[in-house]
Amino acid sequence: KFSVRNFNGESLYGYIDGGADLYLEYGFSDVTVTEFVRGKSKYKVEVYRMKDPEAAFGIFSVSRFRCLHQPTFSLFTCHNRYQLQVCRGQYYINIINRTGTPADSTISATLALKLVSQIKDADFNPAENFPGSTAGDLQNNAYLVKGRLGIQNSVPAAEKYLTGARNYSALIFASGNYLKVILSFKSDLDCE
């Protein structure tokens with residue numbers, strides 16, 4: 001069995017319904033979903049193309065879940081028994097397997113490596129828009145939010161500080177016992 005489906009713009013609602021709003025908030029372009037069976041294992045490969053590397057990192061940051069380790073074939077990865085997530089350039093890749101065996105993890109990593117090797121875009125560079133942050137800050141515990149849904153899906157406690165803000169990106173990560181929030185606005189008017 002092998003199937004490929006594509007969704008773009010508003011058609012994303014037909015695929016993930018309520019979750020589509022979050023992707024659209026970040027700047028979703030399109031997704032290709034491939035499902036296949038190999039032996040007794042079933043896989044789903046989702047390749048989301050976002051509007052830019054910042055949007056791809058943002059959706060990765062609020063989607064990563066229980067990372068057991070981080071493969072080194074890309075700067076931003078998250079791997080557990082059932083899922084491998086990768087952010088590369090303007091792409092967020094999500095590979096899901098149904099059984100969680102070591103063999104499935106190996107196949108997921110092989111698939112991800114092949115996909116990543118085809119992406120020539122530069123990865124998200126936090127220093128460009130978020131002075132004082134590094135790629136190291138982002139690897140494990142940082143969230144990039146662009147609106148209410150991003151905050152609610154990552155650091156709900158920060159929502160009260162950003163109420164009323166518009167046209168921003170916020171990089172939020174732990175710094176000692178505090179949350180560090182670095183804001184980037186699209187214009188001086190938005191900042192005011």
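The sections below set out a description of the structure shown in this document.

### Side note on unusual backbone geometry
Not every positive phi belongs to a glycine, and R66 is a case in point at roughly 45 degrees. Relative to the helices and strands, R66 resides in the loop between α3 (53-63) and β4 (76-79). Although it is not a glycine, N167 sits at a positive phi angle of roughly 55 degrees. Here N167 lies in the loop between α8 (159-162) and β8 (168-175). N167 gets classed as partly exposed once you look at its relative accessible area, which sits at 41%.

### A look at the state of the cysteines
Tallied over the full model, the rule gives one disulfide. The disulfide that involves C67 links it to C78, with 1.9 Å between the sulfurs. Every disulfide takes its handedness from the sign of the S-S torsion; for C67 and C78 that torsion is -110 degrees, giving left-handed. Of this pair, C67 sits in the loop between α3 and β4 while C78 sits in strand β4, and the two are eleven residues apart along the sequence. Using a relative accessible area of 34% as the deciding quantity, one classes C67 as partly exposed. The class for C78 is buried, based on a relative accessible area of 0%. Here C87 is not cross-linked by a disulfide; its sulfur's nearest cysteine counterpart is in C78, at 12 Å. Looking at C87, the relative accessible area reads 1%, which means it is buried.

The rules behind these values
- Residues numbered from 1 in each chain as written.
- Predicted model: local features only at pLDDT ≥ 70, side-chain atom pairs only at ≥ 80, totals over all residues.
- Heavy atoms only, no water.
- Helix = DSSP H or I, 4+ residues; strand = E, 2+ residues; numbered from the N terminus.
- Buried < 20%, exposed > 50% of the residue type's maximum accessible area, 1.4 Å probe, protein only.
- Disulfide = S-S within 2.5 Å.

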